[in-house]
Structure formats: structure tokens, C-alpha cells
Number of protein chains: 2
Amino acid sequence: MADLTPRNRTHRLAFERPLVTVDVVIFAMHDARLRVLLVKRGYDAAEPFPGRWALPGGFVDVDKDADLEACALRKLREKTGIATPYLEQLGSWGDSRRDPRGWSATHAYFALVPSDEVDAPRSGANAAAAAWHDVVGSGVGEPLAFDHAQILDAALERLRAKVEYTSLPAFLLPKEFTLGELQKAYETVLGRPLEKSAFRTRILATDLVAPVPKVRGGPNRPAQLYRLKSRRTPVFFQRTFKPAG
Amino acid sequence: MADLTPRNRTHRLAFERPLVTVDVVIFAMHDARLRVLLVKRGYDAAEPFPGRWALPGGFVDVDKDADLEACALRKLREKTGIATPYLEQLGSWGDSRRDPRGWSATHAYFALVPSDEVDAPRSGANAAAAAWHDVVGSGVGEPLAFDHAQILDAALERLRAKVEYTSLPAFLLPKEFTLGELQKAYETVLGRPLEKSAFRTRILATDLVAPVPKVRGGPNRPAQLYRLKSRRTPVFFQRTFKPAG
DNA sequence: TAAGATAGTTGCACAGTACCACTAAGAGGT
DNA sequence: ACCTCTTAGTGGTACTGTGCAACTATCTTA
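Rules used in this analysis
- Residues numbered from 1 in each chain as written.
- Chains lettered and ligands numbered in written order.
- Predicted model: local features only at pLDDT ≥ 70, side-chain atom pairs only at ≥ 80, totals over all residues.
- Helix = DSSP H or I, 4+ residues; strand = E, 2+ residues; numbered from the N terminus.
- Core = buried A, V, L, I, M, F, W, Y, C linked by C-beta atoms within 7 Å.
- Buried ≥ 20, exposed ≤ 12 C-beta atoms within 10 Å, placed from the backbone.
- Contact = placed C-beta atoms within 7 Å.
- Near = placed C-beta within 6 Å.
- Nonpolar A, V, L, I, M, F, W, Y, C, P; charged D, E, K, R; others polar.
- Pairing = 2+ DSSP bridges.
- Axes fitted to C-alpha atoms, helices over the stretch in contact; angles between N-to-C directions.
- pLDDT = per-residue confidence, 0-100.
- Expected span 1.5 Å × (residues − 1).
- Arc of directions from axis to C-beta.

Draft legend 1. Expanded view of unusual backbone geometry. All names here are of chain B. One non-glycine residue, D31, lies in the positive phi region at around 50°. Counting through the fold element by element, D31 comes out in the loop between β1 (19-30) and β2 (33-40). The residue F49 is not glycine, and still its phi comes out positive at about 55°. Structurally, the position occupied by F49 is in the loop between β2 and β3 (53-54).

Draft legend 2. Geometry of the nonpolar core. Formed by 117 residues in total, the largest nonpolar core has its most connected members in V25(A), F27(A), V25(B) and F27(B). In contact with F27(B), not counting residues within four places along its chain, are L34(B), V36(B), F110(B), A111(B), L112(B), L159(B) and L172(B).

Draft legend 3. Representation of the protein's contact with DNA strand C in the model. Inspection of the region around DNA strand C gives 24 residues, with A198(A), R221(A), G180(B), N220(B) and Q224(B) positioned closest. Going through the elements one at a time, α4 (196-205) of chain A together with α3 (179-190), α4 (196-205) and β10 (223-228) of chain B are the ones with two or more residues in the surface near DNA strand C. It is α4(A) that contributes the most residues to the surface near DNA strand C, four residues altogether. In the surface near DNA strand C, the residues fall into eight nonpolar, eight polar and eight charged.

Draft legend 4. Spatial organisation of the sheet that holds strand β10 (residues 223-228) of chain A. All names here are of chain A. Pairing in this open sheet of three strands is antiparallel, and the strands run β8-β10-β9 from one edge to the other. Of all strands in the sheet, those bounded by a partner on one side alone are β8 (176-178) and β9 (209-216). Ignoring strand direction, the axes of neighbouring strands in this sheet form an average angle of 45°. Note that β8 and β10 share three bridges and pair antiparallel. Residue F177 lies in a different strand from β10, and its bridge partner there is Y226. Across the sheet, helix α3 (residues 179-190) is in contact with β8 and β10; its angle to β8 comes to roughly 85°.

Draft legend 5. Highlighting the confidence of the model for chain A. When pLDDT is averaged along chain A, the result is 88; 88% of the residues meet or exceed 70. Per-residue pLDDT stays below 50 along residues 1-11 of chain A; that stretch engages in 21 contacts with residues further than four places along the chain or on separate chains.

Draft legend 6. Looking closely at the protein's contact with DNA strand D. Near DNA strand D, the surroundings consist of 24 residues, among which G180(A), S197(A), N220(A), Q224(A) and R221(B) are the closest. The set of elements that each furnish at least two residues to the surface near DNA strand D consists of α3, α4 and β10 of chain A together with α4 of chain B. For the surface near DNA strand D, the residue count by class is seven nonpolar, nine polar and eight charged.

Draft legend 7. Just α3(B), in detail. Residues and elements named next belong to chain B. The end-to-end C-alpha distance of α3, which contains 12 residues, comes to 16 Å, matching closely the 16 Å that a straight helix rising 1.5 Å per residue would cover. What α3 keeps buried is the set E181, L182, A185, Y186 and V189. Viewed along the axis of α3, the buried residues span an arc of 145°, placing them on a single side of the element.

Draft legend 8. Expanded view of the pairing of strand β1 (residues 19-30) of chain A. Residue and element names in this part refer to chain A. Across the 12 residues of β1, 11 count as buried, placing the element largely inside the fold. Sheet topology places β1 next to strand β6 (residues 104-112); nine bridges connect them, and they run parallel. Counted as the bridge partner of I26 is A111 from β6. In this structure, β1 lies alongside strand β4 (residues 57-59), joined through three bridges in antiparallel fashion. Residue pairing in the sheet places T21 in a bridge with F59 of β4.

Draft legend 9. Summary view of the environment of E195(A). Residues and elements named next belong to chain A. If you trace the backbone, E195 turns up in the loop between α3 and α4. C-beta crowding within 10 Å serves as the criterion here: with 12 such atoms nearby, E195 is assigned to the exposed category. C-alpha of E195 to C-alpha of D207: the two residues are 12 residues apart in sequence and 20 Å apart in space.

Draft legend 10. Up close: the pairing of β2(B). Residue and element names in this part refer to chain B. Counting buried positions along β2 yields six of eight residues, so the element is predominantly enclosed. Of the strand pairs in this sheet, β1 and β2 are connected by four bridges, and their pairing is antiparallel. Bridge pairing in β2 places A28 opposite R35. Taken together, β1 and the strand that follows it, β2, pair antiparallel across an intervening segment of two residues, in which D31 is found at a positive phi of about 50°. Direction of pairing for β2 relative to strand β7 (residues 130-134): antiparallel, over a ladder of five bridges. If you follow V39 over to β7, its bridge partner there is A130. Here β2 runs beside β3; their pairing, made up of two bridges, is antiparallel. By the bridge assignment, V39 is partnered in β3 with A54.

Right, dumping it as C-alpha cells:
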């Protein structure tokens, strides 16, 4: 306990180093349902959690990855082909037992991808092993590899909390959308209905969207189409939607 | 690029592993000033950043540390003697260049410690090398080791953002405090004055504090003393203090 | 007794949401 | 042509919490 500045002791570099991974929780919305992309682990019994569903991720490659975010973007691009999603660092989980191969720490990110850019996981080498899963409650209804269920739960909690006061659901929609569709996205993530009037007032009072000179037709009154003013940066509101406490 | 499931490839375990560290941004408030605890790095020129101030932290010890949070708590306890602070994960920073010894990733935490429990850094082996620094703007007015200035900046940004809608400043105060002192803590962190009336209404409307049957005297009207109902869990408000957008 | 200082309250204006009712504009059936 | 259904979009009142400012309360010190 005398060593208060371990970085100063060169021999520490020879100490055992933890495993370092990056995992990405990728959310999308299809048919008014929130979904998350999972990959199925191989059946090689020598590997941990064979056959289990897991978050896309893996070891940091110190030769390929310039930094953690680049590593997360690489995983996401490999799985979905999307290069510029909304990407946010979620947190890190590290302990001696989450991976049977040793002390490991994972850096978790969560991404929101537009529903028109990924209808199906990307075709490719192991693409058959990746699939969208419906989110039900705080998970996907089945156990996941490692502590990924816990990470997914944290991602959902973060997402739902931020949806109360940010424009995050807009990143789950295609480039052009109606205010009705945006409200539906909010309601899907939150799991409760919102007041139409207050919702529209709030959205239009911010600098979030701009109308495009088009409408969406249908078996009823056409709706004005909007686009995001910024495809990457969310807007923060001053209030939450509904007093909850 | 064909390998989409690197965890399934055993030989990866032999790959080079990044260095893994934990750093803690420890905030306290003394005399209505926000301060952060820093440690001075040794002067051994073989080590990176000799003589520079740095955040308390160091390598994860896979034998001692059960998980990341335990590691952060260990660093904090070694430096301040405090065992149960408010502790929140801040984020992680990892890239190939932040540490000249190799690809490294740090897990950063930030802690809020009560002003009456740490007037001075703990005495001990290297205690002389630890000191409280006044926060000015987004830093401490001098360069720090590694990317610690960036981490400190992120911690301040997070703290100031959350102070707008949470009870975090309460964790910087002693066990018993007046509402005036609490308001002063908010104002110190935010750097702007708040309305007394609205502040009191907000605080008392939540389940944050309970009065203790004591008052604090002085050269004026005595003030009611309060204590936190929960010493660890913050309260979230529905609104921010002042519309800013 | 007055002055000074901080504690704590009260009243009014204003902003934004909740709630709810209303109008608008299309498709499709009769 | 008309009615109905459906979703888009607007308007009006009530309520809540903050901004602002003035007011009262209670202590010490001179």
C-alpha cells in the first residue's frame, strides 16, 4: 500500500495486462419496434459462450485501431456498413470474472442507425450470424454472452432517460420524416403516449428540424416532411416530457 | 477484414494487450471554491511526464482489484482516506499515443467528497506529492500529464451539466448544512447566481433533504440545518434552472 | 434602539406542458 | 355528390414551476 504512484515503477509494465475489448449496442427501429443487433457466437466449445447471442464487438487491435471510438466504428461498419451513425460512449465494464479467459475490460458504445439504411444485417463472411432482435422490457428475452445483458440494460436505460430531454429518436428515422413519425419514435422508445400538441410545440420551438418542400401522402391528410438540421448532433430540451417524480 | 468474430480466434489472446489504467477526478469544495486533487509525478526521467501534475490513478492490478470501480475506490481511499464517496463513471480514453509506453486505455471516474472529511490530502508515503488545486474555467491553469487536462475538462463539463438538474453539489457539503450553503455550492459550480426563492422551492419540493432540529448561528438570523436523506444517491429534477436555448 | 446581515416568505408575470376540443385534408365506399 | 374514416395540424384553458422583486423575521454588534 506504500506505492501511491504505480506509474512510476517501471517493473509494473511487466505485470499482467487485462484483456481489452470494445462492444457496440446498435439500435434501430423497424415497424415501430425498437431493435438491437446481435451476433451469434461460434460453436467452438473452446471459446466462451459458444452459440450464445452477443453484442457486436471484440478485442482492440493495437495495430488497426487509432483509438477506442475508431475501434467501435470499425465494428459497426463491419456489421452494418454504416460509417457515420450517432455514436455515444456508454461506459466500461471490467472485472476478473466476466470473461473466463482472464481479467477483462470492455468499452461499450451505443449507436442509433437510421431505419432506411439497415433493413438487414450486412451480407458478408459471418453475416448469417448477425440478426436484429426485438427489445422487450430491459432486454431481448434470452440470455446473452458475457455480461452483455447488463450492458444492453444500461444502454436501454441511458437511451430512455435521454429521450425524455433530447432529440435522440430522430436518429432512428430515415432522412425525411413527418412529425407524426417522430412522435411515434419517441413513444416507441418511451413506451408511453405523448401529447401531440405539446410535442409539436416543443420540436418546432427548437432548431432541430427544417421542413422540406414535400408531403407524405396516404389514405388521409398529407403530412409535412421534415429533415434534421444536423444528422449527428442531438438537441437538448429544457424540460422532461412529463413530471415523473 | 474477414474476421468478424475475433473472440473466436484463440490466437488473438497472444496479441499485444493495451495498458489498462484507472484515473479519478476528485472534487471538493473549500471556502466556496471548487478544487480538484492532483498528484505530482516523480522526477525519474525514464517515466513519462516527470514532475507534472496528474490525476490520481494508475494501472489496474488484476490481483488486487475485483473490478474497475473497486480499483477507483482503492485509488481514492489511498489518496483521501474516504471510503464511500459519490462516485460516478465518467468515460474512457484510449488510443495509441496518450502514453508513450504504448497503446493505453484509461477508465476515468469522478468523485465528490464532503468538505469536512478532507481538509488536506492524506498523510502517508507519497502524500506530500498530492495537493488540492483550484479549478479555474475548464482546468487548473497549468498543463497536466497524459491527456488528463482533457479528462478534467470532461469531468467539469459533466459536473456542470448535471448540476443544472441534479442534487450533486450536496455531496460536496458536510453532513449538515443550510439551504444557503447548498445554494452557494450550486452557484460556485455553475459560476452564476441563482434565485433564492425558486431554489428553495425546488429543493424542498423533492425528497432530497430533511431538517435536523438544529440551527446554525452567526451575526444574523440563524438558519435551519438540513441533512441529506441519501448520502449516495442524487435526486433528479424535472427542469433545468434557467432556459439557455 | 438602530443598523446591518442573512434567513425565509409572498405575490405577480411569464413560459411551457397537460388536457381536450376543434378544424383540415386526403382516400374510399355508397 | 355525400358520408365516413383517418391522420394532420391548431386553438383554448388550467396548472405548474421559475424569474423577479419586494417584503418580513431574527440574530449580532455598536
